[in-house]
Amino acid sequence: MVRGDFFILLPLIITGGAAVAVMLLISFRRSHLATATVTLVALGAAVISVICVAAAAPRQASALLILDSYALFYMGLIFAAGCAVTMIAYDYFERQTDHREEFYLLLLLATLGSAVLVSSNHFASLFLGLEILSVSLYALIAFHRERLPSVEAGVRYLILAAASSAFLLFGMALIYLERGDMTFFRSTQIASGVPAWSPLLLAGTALLIVGIGFKLALVPFHMWTPDIYEGAPPPATAFIASVSKGAAFVLLLRYVTLFGLHSGSVQSAAIAAIAVASMFFGNLLALREEKVRRVLAYSSIAHMGYLLVAILAAGPLAAVAAGYYLVAYFTSIIGSFGIISVREGREGGGDAVSDYRGYAWRHPWLGGAFTAMLLSLAGIPITAGFVGKFYLLAAGLESSLRLLVVVLVASSAIGLFYYLRIIITLYGPPEAERQGAAITPAVSLAGGVALTALTFLLIWFGAYPAPLLRLIQAMVGG
Amino acid sequence: MILVWLIAVPCIGALLAGISPRGRELRCRGVTIAAFAINLALTLALWIMHPAVLRLAGGGAWFAEFDRAWIPSLGIRFHLALDGLSLVLIALTNFLGLMAAAASWRDITEKVRFFHVNLLWMAAAVIGVFLAVDLFLFYSFWELMLVPLYFLIGIWGHEQRLYAAFKFFIFTQASSLLMLLSLLGLYFIHGRATGVYTFDYGALMGTALSPGTGMWLMLGFFVAFVIKLAAVPLHNWLPDAHTQAPTAGSVILAGLVLKVGAYGLIRFAVPLFPAASAQFAPVAMGMGVASILYGAILAFAQTDIKRLVAYTSVSHMGFVLLGVYAGSTVALQGAVMVMLAHGISTSALFILVGALSERIGTREMGRMGGLWAAAPRMSGSLLVFALASLGLPGFGNFVGEFLVLLGVFRMSAPLAAVAAVSLITAAIYSLWMFQRACHGPNSEGWVIPDLSGIEAAIMAGMISVTVWLGIYPGAVLNVTREALESLRPDITSAVSSKR
């Protein structure tokens, strides 16, 4: 480790240091505001440090981490998402009473794990990042320890994530056995020398895909999603839906890009099958759900299926498409759960679609923002989601993935139904007993700033995507 | 720059209407009407000025243009252009927007602000569709149109509004996604062949396509447009959406959304894929004739007066489809004429029917009757538009249908003969509707207020425009001729090469 390494690792060091600082702060003085502020400042500093160190990229820091522009871009995205989640969490926990400071500690750790994941270049750092992320998530999901669904969701995630980690480890071991090396980079070189895929390598990759597939909640590894989305506190769900899945996807994309997926190979056929199944089942199962969070859980399965199209496309557009789609998806899903969290914190009550009846009349701005988020998830123009989906389709067609593109289109059309149902309920006639109860203020400052910013970004990225596209092109396109 | 204003004025209006204070509904309505009036004035100014001043050098039939880079990495530009065809349709849009805003004065009393925001937003998107000549931009406006319409139907509609709104949105959105695929397919084929990746209409126009590919891509566009146009067998969403929408929503649906589909065919589907369109023309014309007859028969079978009017749209839009694929300028001009005249007459019928059913609380024709004595002005207006709708000479509808039949006759006499039957069926259902509503005994003893001042003014405006279209169609034919001729050669040459 030399000085240059420390410099380029600055984003990770800041996040890790902040986790320690928050831990110490909590042990000395419990203050929700102070804890949230420190977290927010640290994550903001991490975003800025990413920009600062970008000039020094790419650099291999030790054998474990590579900080190229690809990793830095997604790190920046993860830290920015962390900021948004922090603000939403502040709004949410301000209305709770006990033990709320630890949330930020866990959030910082989970963010750190995700950042390690996107910059990992070695099976060891992959596993390290994944475990930092997962262990923090267990606690984040079960954070409402007095509420049964929350604890149940946490335990469920613990068991399934542990199982998937075992798969992952075993897959790594098999690949190591064949290659004698754990770095991604070296393995590629060997791969070019190895003519055919040996059974060991095939089995190892399959297990790896199972492990990552679980993190991404792809069909058939999706079973955990709805319960955890429903049971976890909404800010934690926002984090799982965006950062945790995004980091795993970024890792998968890097791995696949390095190894190359030969079209027609067993692996690409398997991924294509998973993508088709995820798109269809995600959207179809969401139709049957009555709760908003469960609907969004199934829809997120479909969204990860859409993203797999970019992995399979592997053309010049694919990396940009994946980057743009992730940005759009992060913005819309964090925004959606932000609004769910704001509503739940104030109005309480159930999470059924019908509980949102008339919400847009009670809170026009929040309702409008939620509408924009859902339209973005559905892929309607002048939202970021549309441009993202457009790019995915373009990338797919560029690589002549006709079947996948048609499935993407068909399943998006199915998906419209449940988004529209939520939207129209927002504008439905309000229930009689709710009408009188005016809830003030609609949202706290932190939550309001975060949601306004997200909505603004959503429209901006949709209406004028050129600057963001240039950035993504420069960072991940090369 | 004036083209940007045409889109910006409704947007600004929507913003102002949205932030107008609660309880000040009058201001909100005023802003909306002012926005449409300003836009209409702009459009009419363009119309009057066009022959002398506004000719772009070497720009084909374009009068005005606005072109800026938007998403350079994909070759997407913010490119608007106006020709005669766009001009008359934008004039229609603003006129009907004005009428819809006025007609909702009594109709919409709840959530007034959001209603007007949607109305203006919708108009901005429709105008954008008529102006965009970058395919990506066109698609964006195309999609943008759906959301406000979905709200208009789903929030202010009648008893089955949610069902109708869902059906409408999913039908149109699914078909739009097909169009998106075709559009991307065309983009890549053009890009690979020429090395220039662009969504520009003019550039993509000459793309060489193999017959099979061309047909598939064309079908993607065709399905999207024909679903909007509501031709049989893809008309299924129309009766529900039109019937369940509030009056202003029905006006927008019948007057604009159907026209957007026809516009797409004329502007994009046919010129971009001339060979495939020529091959497909017999099928399309068959669909047109089927729509004409099927719509007429179903209209006659309705007991719900609003649903009856909805089905007449299917029938009339069949003429448009027929005219577009007949492959002559005359037929194409006739199609545009039908679009305008039908837009006005059917919108007027929806306003009248809406006013009537709001007064008596039912849309069932069985319970109406004898309303002439109770509301003479309303019944008189209904008679005028029933006559216009059945194609009586002197109204715009007649001119349009006549020109279409003329054009079709040259290509296929039997088709023209079958289509001409509709002049009889139209007379039957129109007069039948009028007779059941206004003549006969007033068995339920209706005593209803006649048209209010605003409604009478709306009717006066709409009647004068229909009659003007009927007695001086030259105004429209002259301004659109050049545009349609530049869109036509592709059709005729391809059609004649087929023959």
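Asks: Can you break down the overall build of chain B residue by residue, with the values?
Replies: Helix and strand counts for chain B stand at 21 helices and 2 strands. The C-alpha radius of gyration of chain B comes to 22 Å, within 12% of the 23 Å expected for a compact globule of 499 residues. Dimensions of chain B along its principal axes, counting C-alpha atoms only, are 70 × 55 × 45 Å. Taken over 499 residues, chain B has a buried fraction of 65%. Element-wise, carbon and sulfur atoms account for 68% of the exposed surface of chain B, whose accessible area totals about 15700 Å². Charged side chains in chain B number 28 positive and 21 negative. The centres of these two groups are separated by 1 Å.

Asks: Break down the interface of chain A and chain B for me, with residues and values.
Replies: Contact with chain A, which involves 32 residues of that partner, is made by 33 residues of chain B. Around 3100 Å² of area is buried between chain A and chain B when both sides are counted, 84% of it from carbon and sulfur atoms. Linking chain A with chain B are 0 salt bridges, by the criterion used here. Summed over the shared surface of chain A and chain B, the result is 4 residue pairs in polar contact (both at pLDDT 80 or more). If you list the elements that add at least two residues to the side of chain A that touches chain B, you get helix H16 (364-378), helix H17 (384-398), helix H18 (402-426) and helix H21 (466-477) of chain A. The leading source of residues in the side of chain A that touches chain B is H18(A), at 11 residues. Class assignment for the residues of the side of chain A that touches chain B results in 28 nonpolar, 2 polar and 2 charged.

Asks: Which residues make up unusual backbone geometry, and what values do they have?
Replies: Residue A:Pro220 is bonded to the preceding A:Val219 through a cis peptide linkage, with omega at 5°. Put simply, B:Val232 and B:Pro233 share a cis peptide bond, and its omega is 5°. Along the chain, B:Pro233 turns up in the loop between helix H9 (211-229) and helix H10 (237-244). With a phi close to 60°, A:Ser62 is a non-glycine residue in the positive phi region. On the secondary structure map, A:Ser62 appears in the loop between strand E1 (59-61) and strand E2 (65-67). Not every positive phi belongs to a glycine, and A:Ser400 is a case in point at roughly 55°. Within the secondary structure, A:Ser400 is located in the loop between H17 and H18.

Asks: Kindly report on the pairing of strand E1 (residues 64-71) of chain B, identifying the contributing residues and their values.
Replies: Pairing geometry for E1(B) and strand E2 (residues 76-82) of chain B, over 7 bridges, is antiparallel. Bridging across to E2(B), B:Asp67 finds its partner in B:His79.

Asks: Kindly report on the side chain of A:Ser120, identifying the contributing residues and their values.
Replies: Residues and elements named next belong to chain A. Topologically, Ser120 is positioned in the loop between helix H5 (102-118) and helix H6 (123-141). Looking at Ser120, its side chain comes within polar contact range of the main-chain oxygen of Leu117, at 3.0 Å. What Ser120 contacts, discounting residues up to four positions off in sequence, is Leu64, Leu65, Ser125, Leu126, Phe184, Leu251 and Arg254.

Asks: Tell me about the packing of helix H11 (residues 247-272) of chain B against helix H14 (residues 329-360) of chain B, and name the residues and values.
Replies: Residue and element names in this part refer to chain B. Two numbers describe how H11 lies on H14: the axes approach to 7 Å, and their chain directions differ by 170°. It follows that H11 is roughly antiparallel to H14 by the angle criterion. In this structure, H11 uses Thr247, Ser250, Val251, Ala254, Gly255, Leu258, Lys259, Ala262, Tyr263 and Ile266 to contact H14, whose residues at the interface are Leu332, Val336, Met339, His342, Gly343, Thr346, Ser347, Phe350, Ile351 and Gly354. Counted by class, the contact of H11 with H14 contains 11 nonpolar, 8 polar and 1 charged residues.

Asks: An account of helix H12 (residues 274-301) of chain B is needed here, citing residue identities and associated values.
Replies: With 28 residues, H12(B) ought to run about 40 Å at 1.5 Å a step, and its terminal C-alpha atoms sit 38 Å apart, in line with that. In the structure, H12(B) departs most strongly from a straight axis at B:Phe280, where the bend amounts to approximately 55° and where the proline B:Pro282 lies between one and four residues downstream.

Asks: I'd like to hear about the packing of aromatic side chains, residue by residue, with values.
Replies: According to the stated counting rule, one finds 59 aromatic pairs over all chains in the structure shown. When the centroid spacing of 6.2 Å and the interplanar angle of 20° are considered together, the rings of A:Tyr324 and A:Tyr391 count as stacked. You can see A:Tyr324 sitting in helix H14 (residues 316-347) and its partner A:Tyr391 sitting in helix H17, a full 67 residues away along the chain. Just as A:Tyr324 is buried, A:Tyr391 falls in that class too. Among the aromatic side chains, those forming a connected cluster through ring pairs are A:Phe386, A:Phe390, B:Phe66, B:Trp70, B:Phe78, B:Phe136, B:Tyr139, B:Tyr187, B:Phe188, B:Tyr197 and B:Phe199. Directly above the aromatic system of B:Trp105 lies the positively charged group of B:Arg29, at a separation of 5.6 Å from the ring centroid.

Asks: Give me the lowdown on the state of the cysteines, citing residues and values where you can.
Replies: Throughout the structure, instances matching the rule amount to 0 disulfides over all chains. In this structure A:Cys52 is a free cysteine whose sulfur lies 15 Å from that of A:Cys83, the closest cysteine sulfur available. The thiol of B:Cys11 is not disulfide-bonded; the next cysteine sulfur, from B:Cys28, is found 15 Å away.

Asks: Account for the confidence of the model for chain A, naming residues and giving values.
Replies: Mean pLDDT for chain A: 88, with 93% of residues reaching 70 or above. At the low end of the mean pLDDT range in chain A sits helix H19 (residues 432-436) of chain A, at 54; at the high end sits H5(A), at 95.

Asks: Can you tell me about a nonpolar patch on the surface, naming the residues and giving the values?
Replies: All names here are of chain B. Residues Met1, Trp5, Ile12, Leu16 and Ile19 make up a contiguous nonpolar surface patch of roughly 520 Å² in combined accessible area. When you line up the elements, Ile12 lands in helix H1 (residues 2-19). Its relative accessible area of 40% is what places Ile12 among the partly exposed residues.

Asks: Can you tell me about the environment of A:Pro429, naming the residues and giving the values?
Replies: Along the polypeptide, A:Pro429 turns up in the loop between H18 and H19. For A:Pro429, a relative accessible area of 43% puts it in the partly exposed group. Sequence separation between A:Pro429 and A:Gly396 is 33 residues; the distance between their C-alpha atoms is 42 Å. A:Pro429 has contacts with A:Arg357 and B:Lys111, leaving out every residue within four places of it along the chain.

Asks: Account for the pairing of E2(B), naming residues and giving values.
Replies: With respect to burial, E2(B) is a largely interior element, 5 of its 7 residues being buried. Taken together, E1(B) and the strand that follows it, E2(B), pair antiparallel across an intervening segment of 4 residues, in which B:Gly75 is found at a positive phi of about 70°.

Asks: How would you explain the nonpolar core if you had to name every residue and give the values?
Replies: Side chains that are nonpolar tend, in soluble globular proteins, to be buried together. Residues and elements named next belong to chain B. Counting 386 residues, the largest nonpolar core has Leu135, Leu184, Phe222, Trp237, Leu265, Tyr325 and Met462 as the members making the most contacts within it. With 20 residues, the top contributor of residues to this core is H14. Contacts of Tyr325, omitting those with residues within four sequence positions, involve Phe222, Leu265, Ala269, Val270, Ser277, Ala281, Ala284, Met285 and Met411.

Asks: Describe H14(A), naming the residues involved and giving the relevant values.
Replies: Residue and element names in this part refer to chain A. Under the 1.5 Å per step criterion, the end-to-end length of H14 is 47 Å for 32 residues, consistent within 8% with the ideal 46 Å. With 29 of its 32 residues buried, H14 lies for the most part within the structure. Of the residues flanking the end of H14, it is Gly348, one or two places downstream, whose phi is positive at about 60°.

Asks: Report on the pattern of salt bridges, specifying residues and quantitative values.
Replies: Tallied over the full model, the rule gives 23 salt bridges over all chains. Between A:Arg156 and A:Glu152 there is a salt bridge, with the nearest N and O atoms lying 3.4 Å from each other. Of this pair, A:Arg156 and A:Glu152 both sit in helix H7 (residues 148-179), 4 residues apart, which is roughly one turn of that helix. Relative accessible area serves as the criterion here: at 42%, A:Glu152 is assigned to the partly exposed category. Here B:Arg267 ties to B:Asp83 by a salt bridge, and the two come within 2.7 Å at their closest N and O atoms.

Reading guide: rules and limits
Residues numbered from 1 in each chain as written. Chains lettered and ligands numbered in written order. Predicted model: local features only at pLDDT ≥ 70, side-chain atom pairs only at ≥ 80, totals over all residues. Heavy atoms only, no water. Helix = DSSP H or I, 4+ residues; strand = E, 2+ residues; numbered from the N terminus. Rg over C-alpha atoms; globule rule 2.2 N^0.38 Å. Buried < 20%, exposed > 50% of the residue type's maximum accessible area, 1.4 Å probe, protein only. Areas by Shrake-Rupley, 256 points an atom, 1.4 Å probe, with all protein chains shown as cover. Lys, Arg positive; Asp, Glu negative; His and termini not counted. Charge placed at Lys NZ, Arg CZ, Asp CG, Glu CD. Contact = heavy atoms within 4.5 Å. Buried area = accessible area lost by both parts, 1.4 Å probe. Salt bridge = Lys/Arg side-chain N within 4 Å of Asp/Glu carboxyl O. Polar contact = N/O pair within 3.5 Å; in protein donor to acceptor, adjacent residues only side chain to side chain. Nonpolar A, V, L, I, M, F, W, Y, C, P; charged D, E, K, R; others polar. Pairing = 2+ DSSP bridges. Axes fitted to C-alpha atoms, helices over the stretch in contact; angles between N-to-C directions. Parallel < 35°, antiparallel > 145°, perpendicular 65-115°, else oblique. Expected span 1.5 Å × (residues − 1). Bend = angle between axes of the 7 residues up to and from the residue. Phe/Tyr/Trp six-rings, centres within 6.5 Å; stacked < 30°, edge-to-face > 60°. Lys NZ or Arg CZ within 6 Å of the ring centre and 35° of its normal. Disulfide = S-S within 2.5 Å. pLDDT = per-residue confidence, 0-100. Patch = residues over 30% accessible without salt bridge, like charges linked within 9 Å, V, L, I, M, F, W, Y side chains within 5 Å. Core = buried A, V, L, I, M, F, W, Y, C linked by side-chain atoms within 4.5 Å.

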